[in-house]
Amino acid sequence: MKFFVDTADTAEIKSLAASGLLDGVTTNPSLMAKTGKKFQDVLADICATVPGPVSAEVASTEFDGMLAEARVLRGIAKNIAVKVPLTPDGLRACRRLSEEGAMVNVTLCFSPAQAILAAKAGATFVSPFIGRLDDVGEDGMQLIRDIVTIFGNYDYFKTQVLVASVRNPMHVVEAAKAGGHICTVPPAVLRQLFNHPLTDKGLAAFLADWSKTGQRIA
Ligand code: G3P
């Protein structure tokens, strides 16, 4: 499974990139707004830090506007993936951009039917938002299972399932069980993946016992 980090916070991205665990980054207009910085500077910094796909979302809701904004975004760095909403104009833009060779991430996916449309539009990635479905009492992870099953039925569907709106480590584990190709994870949740109290307890015991030997590995 590939891990993308879901943030536009360049300090967080730089810190996590050092772990060697980051395969890409996803941003969205809300995450970008939180930075308080010019989007061009933020995206250029992120793309220089993480060589994998960096998703940057258009703000236009119209086909022509999306194409124009996509060209601006793609001009920032070669590893930009253009994010478009799962709307008729968004999928029309997805088709055109993918035909031009762009990476396209179709976002705000909440149903298997929508995911099929994204795959038919030639999306590189489709982003089902599992946390937001859970938030309204639906089964977000079942959406992942359904999409993975459907995509697996057609070898010409090349779209990668980019599991998004991840709220906790179990979302990551269950998404992997479901066969999601990528999880985009908030920085705090990524860090939680490392944690287990028995690891901490076991390491402390090893170090305590080792210190009694008086030896140094040198
Ligand atoms: O950035 C896309 C998605 O991961 C955002 O999810 O629900 O945390 O805003 P959410």
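Please refer to the structure placed before this passage.
Residues numbered from 1 in each chain as written. Predicted model: local features only at pLDDT ≥ 70, side-chain atom pairs only at ≥ 80, totals over all residues. Heavy atoms only, no water.

Draft legend 1. Spotlight on the pairing of strand β3 (residues 54–57). Here β3 shows a buried face lined by Val54 and Ala56 and a second buried face lined by Ser55 and Glu57. As defined by bridge partners, strand β2 (residues 24–26) adjoins β3 across two bridges and the pair is classed as parallel. Counted as the bridge partner of Val25 is Val54 from β3. As paired strands, β3 and strand β4 (residues 80–85) are joined by four bridges and run parallel to one another. Bridge assignment links Ala56 to a residue of β4, and that residue is Val82. As for the winding sense of the linkage, the β-α-β connection from β3 through helix α4 (residues 63–74) to β4 is right-handed. (Buried < 20%, exposed > 50% of the residue type's maximum accessible area, 1.4 Å probe, protein only. Helix = DSSP H or I, 4+ residues; strand = E, 2+ residues; numbered from the N terminus. Pairing = 2+ DSSP bridges. Right-handed = clockwise from strand over helix to strand, strands pointing away.)

Draft legend 2. Highlighting the site of the ligand. In the region of the ligand, the neighbouring residues are Asp6, Asn28, Lys83, Phe129, Arg132, Ala164, Ser165 and Arg167. Interatomic distance of 3.1 Å between a side-chain N/O atom of Arg167 and an oxygen atom of the ligand. In the complex, 84% of the free accessible area of the ligand, which totals 310 Å², lies under the protein chains. For the shell around the ligand, a count of residues per class yields two nonpolar, two polar and four charged. (Near = heavy atom within 4 Å. Polar contact = N/O pair within 3.5 Å; in protein donor to acceptor, adjacent residues only side chain to side chain. Areas by Shrake-Rupley, 256 points an atom, 1.4 Å probe, with all protein chains shown as cover. Nonpolar A, V, L, I, M, F, W, Y, C, P; charged D, E, K, R; others polar.)

Draft legend 3. Structural view of helix α5 (residues 88–99). Look at α5: 17 Å from first C-alpha to last across twelve residues, which is about the 16 Å you get at 1.5 Å a residue. Among the residues of α5, Gly90, Leu91, Ala93, Cys94 and Leu97 are the ones counted as buried. Down the axis, α5 shows its buried residues gathered within 160 degrees of arc, on one side only. Turned more than 90 degrees away from the buried face of α5, the exposed residues are Pro88, Arg92 and Glu99. On its buried side, α5 packs onto α4, β4, β5 (103–109) and α6 (112–120). Once α5 finishes, Gly101 follows within two positions and takes phi at roughly 95 degrees, a positive value. (Expected span 1.5 Å × (residues − 1). Arc of directions from axis to C-beta. Contact = heavy atoms within 4.5 Å.)

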